[in-house]
Amino acid sequence: MGSCKSSYASSSEVDIRGREIERRLKEDKEKSKKEVKILLLGTGETGKSTVLKQMKLIHKIGFTSDEIATFRSALILNIISCAQDLINAMDKLGIPYEFDPTQVSCNATTMSRQLTESSLTDPAIKDACSEYIETRPHLSESIEHPTTRRRTTRFKEIAAAASELLACQGGVEHRKGEMAGAAALIRATDPSRVLSESIVPPRLISSIKLLWQDCGVQYCVSRSSEYQLMDSCPYIMENLDRICRPEFMPADADILAARVMTSHIREIRFKVNESTFCVYDLGGQRSERKKWMAHFDNVKAFIYMVAISSYDQMCFEDSQTNRIAESLNLFHSLTHHPALKRTCIILFLNKIDLFKEKLKTTPLVDFFPEYKGPDEYEEGSKFFEHIFRDENKFKERDLFTHFTWATDTKQISNVLETVTLALIRSAFEDIGLM
């Protein structure tokens, strides 16, 4: 008779498999102790992706050829998008091309000089301009007296002068001349078609350069809080010729300036001493936040990004909600989430470079009436630090604050080094090694 072999494993085989499973679980546990999981959180346009890029540069992770190609395409798309956004904003805000706000001492002679040659040849427009000048004697007063007028008053006077001058010229529908032609070409451009070609059309490049050099457009840029314009617009426009060359390869500064909306979760890993850091960049737009909770397990810390320079800007999603108010509401929900009760918070109050510049022209109190200090960086930044730190209701939880300039590699490198060492120390304390 043939031998009958049991289909069941022997007890010794079961023991071997059990010990192997236990060994792997132990290895995974030891490995997890050395891993530091960090989430990059915040609303849109706060600089999360820029910080992730900086981490890749600082830790020599580098970028793949596909990523570099994506950044090159993104920069070209960013240029076209900025140009089209500026043209639409010029119409929305009622700003004439060639409008120079520095010339607005607002008397009849100045206003007459501002009119273009073509508009003065139209009798109807000429009559309208004469009526405009004669019926507004108050505009002969200088608006350059900061001791007697608030900056907001001067701003409104210049804005009114721009809008009324455009009306004198016949309005948006009657824009004429070289600038109007360049704007029409840019507006009609299909960005996807440009990317499908081997080179950016020279006529499009010259039109965008002409647009960017216009003093009226530069005035429009100064009012970018009234519409949506990416922060890197000045950088990419000033590097237009270089970026649009067929042989262009993005340098580090270009990669940091490239704007690619985060529509999926990005992850990087790097080692510091014996610890492995796993950093996840989660999209900040409202539609992306529903994906966050799936990543809350085993989080050592989250870096929360706030663009304090956006105190006068509205959200991309609805153009009605103040960006910092949105950021504060989201921060409140995170700090009160039970899954994050003991998770360390690292607060990055970002874009301090833009914040310092904006305070020179845009009073903080106009958007946050509870602010009582001067329009100076030290007081303004401390104000925002206080209102965000006040949301940390779990006092046993660590909350560290850093004022950051995410596009400045040296500055952000120093900040990230401080953060990294603090998290390593905290991780060692958790497992009883310190």
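Residues numbered from 1 in each chain as written. Predicted model: local features only at pLDDT ≥ 70, side-chain atom pairs only at ≥ 80, totals over all residues. Heavy atoms only, no water.

### Some remarks on the sheet that holds strand β1 (residues 35-42)
One open sheet accounts for six strands, arranged β2-β3-β1-β4-β5-β6; its pairing is mixed. In this open sheet, the two strands that pair with only one neighbour each are β2 (266-272) and β6 (399-403). For this sheet, the mean inter-axis angle between neighbouring strands, taken without regard to orientation, is 20°. Taken together, the five bridges between β1 and strand β4 (residues 301-307) define a ladder with parallel strand orientation. Bridge pairing links Leu-40 to Ile-303 in β4. Contacts from helix α2 (residues 48-58) reach β1, β2, β3 (275-281), β4 and β5 (344-350) within the one sheet, and its direction differs from that of β2 by about 40°. (Pairing = 2+ DSSP bridges. Helix = DSSP H or I, 4+ residues; strand = E, 2+ residues; numbered from the N terminus. Axes fitted to C-alpha atoms, helices over the stretch in contact; angles between N-to-C directions. Contact = heavy atoms within 4.5 Å.)

### Considering the pattern of salt bridges
Any two side chains of opposite charge can pair, on the condition that their charged atoms come close. If you walk through the whole model with that rule in mind, you get 14 salt bridges. Residue Glu-326 pairs with Arg-289 through a salt bridge whose shortest N-O separation is 3.2 Å. Note that Glu-326 is positioned in helix α15 (residues 323-335) and Arg-289 in the loop between β3 and β4, a separation of 37 residues in sequence. For the pair formed by Glu-326 and Arg-289, the shared burial category is buried. Glu-385 is the salt-bridge partner of Lys-382, the closest N and O atoms lying 3.4 Å from each other. Of this pair, Lys-382 and Glu-385 both sit in helix α17 (residues 377-389), three residues apart, roughly one helical turn. The partly exposed category is assigned to Lys-382, whose relative accessible area is 44%. (Salt bridge = Lys/Arg side-chain N within 4 Å of Asp/Glu carboxyl O. Buried < 20%, exposed > 50% of the residue type's maximum accessible area, 1.4 Å probe, protein only.)

### Observations concerning the packing of aromatic side chains
Summed over all chains, the structure comprises 14 aromatic pairs. Taking 6.5 Å as the distance between ring centres and 75° as the angle between the ring planes, the aromatic pair formed by Tyr-377 and Phe-403 counts as edge-to-face. In this pair, Tyr-377 sits in helix α17 while Phe-403 sits in strand β6, placing the two residues 26 residues apart along the sequence. Each of the two residues, Tyr-377 as well as Phe-403, counts as buried. One aromatic cluster is present, formed by Tyr-311, Phe-355, Phe-367, Phe-368, Tyr-371, Tyr-377, Phe-383, Phe-384 and Phe-403 through successive ring pairs. A cation over an aromatic ring shows up here: Lys-37 above the ring of Tyr-280, its NZ or CZ 5.5 Å from the ring centre. (Phe/Tyr/Trp six-rings, centres within 6.5 Å; stacked < 30°, edge-to-face > 60°. Lys NZ or Arg CZ within 6 Å of the ring centre and 35° of its normal.)

### Observations concerning the packing of helix α3 (residues 65-93) against helix α8 (residues 177-187)
Relative orientation of the contacting elements α3 and α8 amounts to 125°, with a least axis distance of 9 Å. The angle between α3 and α8 falls in the class oblique. The chirality of how α3 crosses α8 is left-handed. Contacts between α3 and α8 involve Ala-83, Gln-84, Ile-87, Asn-88 and Asp-91 from the former and Ala-183, Ile-186 and Arg-187 from the latter. A per-class count over the contact of α3 with α8 returns four nonpolar, two polar and two charged. (Parallel < 35°, antiparallel > 145°, perpendicular 65-115°, else oblique. Left-handed = near helix turned anticlockwise from the far one by under 90°. Nonpolar A, V, L, I, M, F, W, Y, C, P; charged D, E, K, R; others polar.)

### What about the pairing of β2?
Regular strands have side chains that alternate between both faces of the sheet. Here seven bridges tie β2 to β3, and the two strands are oriented antiparallel to one another. Its bridge partner being in β3, Glu-267 is matched across the sheet by Tyr-280. Hairpin connection from β2 to β3: two residues lie between these consecutive antiparallel strands, with Asn-273 at a positive phi of about 55°.

### Describing unusual backbone geometry
In this structure, Glu-98 takes a positive phi of about 70° despite not being glycine. Looking at the secondary structure, you find Glu-98 in the loop between α3 and α4 (108-114). One non-glycine residue with positive phi stands out, namely Asn-298, at about 55°. Mapping Asn-298 onto the fold places it in the loop between β3 and β4.

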